[in-house]
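Structural overview for review
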Amino acid sequence: MEYNFLEYSKEQLSSLLPELIKEKKVLLIREIFDEYNIVDLSEIFIELELDQALFVFKILPKDISAELFSYLEPEYQESLASALSSVELKSILDNMFSDDIIDFLEEMPSNVIKHILDNVSPEHRKEINHLLSYEENTAGSVMSTDFVELLEEDTVAEAITKIKKQAEIAETVNVCFVIDKKRVLVGIVNLRDIIVSKNDKLISDIMDKNIHYVHTNTDQEEVASILSKYDLTTICVLNDHNSLIGIVTADDVLDILNEEATEDIHKMSGITPTDGSYLKTDTKEMVKSRISWLLILMISATFTGYILQYFEDKLSAVAILSASIPIIMSTAGNAGGQSSTMVIRGIAVDDLNIKDIFIVFKKELAVGLICGAILFVTNFVRLYIFGSKNITFAISFVVSLTITISLISANIAGGILPLIAKKLKMDPASAAAPLITTIVDATSLIIYFILAIAILKI
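These numbers come from a predicted model, not from an experiment.

**Considerations on the UniProt feature "transmembrane region" (unreviewed entry) in the protein chain**
- Within the UniProt annotation, "transmembrane region" (unreviewed entry) is assigned to residues 291-311, 317-335, 365-385, 391-420 and 432-456.
- Across residues 365-385, the secondary structure splits into 95% helix and 0% strand, with the terminal C-alpha atoms separated by 29 Å.

**Concerning the side chain of Ser-406**
- Here Ser-406 is to be found in helix H22 (residues 393-423).
- In this structure Ser-406 touches Ile-328, Ala-332, Ser-444 and Ile-447, once residues within four positions along its chain are discounted.

**Details of the pattern of salt bridges**
- Tallied over the entire structure, the rule returns two salt bridges.
- Asp-154 serves as the salt-bridge partner of Lys-162, at 2.8 Å between the closest nitrogen and oxygen.

**Focus on the nonpolar core**
- In terms of nonpolar packing, the biggest core is built from 59 residues, with Ile-29, Phe-33, Phe-45, Phe-57, Leu-80 and Val-248 touching the most fellow members.
- Formed by 20 residues, the second largest nonpolar core is a distinct cluster that contains Phe-311, Ile-325, Tyr-448 and Leu-456.

**Remarks on the pairing of strand E2 (residues 175-179)**
- By the criterion of burial, E2 is predominantly enclosed, with five of the five residues buried.
- Both strand E1 (residues 149-151) and E2 contribute to a ladder of three bridges, which runs parallel. Looking at E2, one finds that Leu-150 is bridged to Val-178.
- The pairing of E2 with strand E3 (residues 185-190) spans five bridges and is classified as antiparallel. From the neighbouring strand, Val-175 faces E3, where its bridge partner is Asn-190.
- What sits between the antiparallel neighbours E2 and E3 is a turn of five residues, in which Arg-183 has the positive phi angle 65 degrees.

**A few points about the sheet that holds strand E4 (residues 213-215)**
- Strand order in the open sheet formed by three strands is E4-E5-E6, and the pairing between neighbours is mixed. Lying at the two open borders of the sheet, with one neighbouring strand each, are E4 and strand E6 (244-249). On average, each strand axis in the sheet is inclined to that of its neighbour by 35 degrees, with strand direction left out of account.
- Of the strand pairs in this sheet, E4 and strand E5 (residues 234-238) are connected by three bridges, and their pairing is parallel. Bridge assignment links Tyr-213 to a residue of E5, and that residue is Cys-236.
- Along the sheet, helix H15 (residues 220-229) makes contact with E4, E5 and E6, crossing E5 at roughly 140 degrees.

Conventions adopted
- Residues numbered from 1 in each chain as written.
- Predicted model: local features only at pLDDT ≥ 70, side-chain atom pairs only at ≥ 80, totals over all residues.
- Heavy atoms only, no water.
- UniProt positions renumbered as here; feature names shortened; annotations may be inferred.
- Helix = DSSP H or I, 4+ residues; strand = E, 2+ residues; numbered from the N terminus.
- Contact = heavy atoms within 4.5 Å.
- Salt bridge = Lys/Arg side-chain N within 4 Å of Asp/Glu carboxyl O.
- Core = buried A, V, L, I, M, F, W, Y, C linked by side-chain atoms within 4.5 Å.
- Buried < 20%, exposed > 50% of the residue type's maximum accessible area, 1.4 Å probe, protein only.
- Pairing = 2+ DSSP bridges.
- Axes fitted to C-alpha atoms, helices over the stretch in contact; angles between N-to-C directions.

So this is what it looks like as structure tokens:
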């Protein structure tokens, strides 16, 4: 029976693969992994029993099994690493790119890491330990040391020979990196330029000397920003002596952007960032990630309570004032959250910093004035025309004016606080929603009662 596996859906392969394993159909299994997308296959693979997975790993070509391993979930990788023999594990690691190995090791417990390091060559172990020594979330911790390097005095013919020799272990051959005899980076050259040049042409004549690079201690978010800004597929990583020691590729950047976006979303919601997906994060870890900010916000809300207690007699004098507090606080809180979200994105994408504080101030003031004016008219009509008979012109005016002034102040606070946080070397996302909400709530109440006392004479 002939199969055309490219026509199979993932669901069909999920049913077929265990049957082929049970029947020991080695050639058909290899054909599946040779034809079908490896990422989709990794999702099917994790549904297999461990003994079935081990059988597949033993019969697959080593380069395919290594690539498959790099796409598996950390929990499944750990199970396989513990179950594979030393020879099989060494074979997989020898065929994995260095950055994929580091990603894998960072998720493993210490006993698994020891087991893995015991089963790699001394040279490979030295390289892995070197990469693991870099500070987390830096270019050094995410870079790959598998790349094509050429010398500036190489001819095109010599370069093509070198590329063929290094292509099997290199993460990319589309861009080659030119170094001098001291390993100092002097240029980059695209594979296309090498192919179309004459064989006796020197690499130094066709290389690009305008190089974008980062250092090992550069934050990974900045690495992603540079790659995105200059539309690069690869960026060089240099050490303190400007020697080329690694590269970061576009596929690594996608992982970085996803990780950083998740971290910022967590922090803006008052959650300590956690590793792993929602479904795989246990209850205890979720509690630990959330409780600290909940405690801080609960205690900081004491100020709001003190303000209400201080003006308690004013509230009892005009009962309708109490009913408007939730809408004032929620409107101001939403406004502050909107402005902080846009400024935090501006920090990440447009590199906003403290120097732009007056631009942000003017823009948020203008936005606040326009939005505030619209809300003032809408709320005044809602209260005075469609509200209850107890709501007078003065009360409608006070509530509407409070919303307008609170919104303006919330916009400015939401725009400026992340910039100040960045200047103080804090994460701007941490200074966003949780902190801004508390500040805006207290400010809105103070504005509300000052206006009520001044205009309503209570």
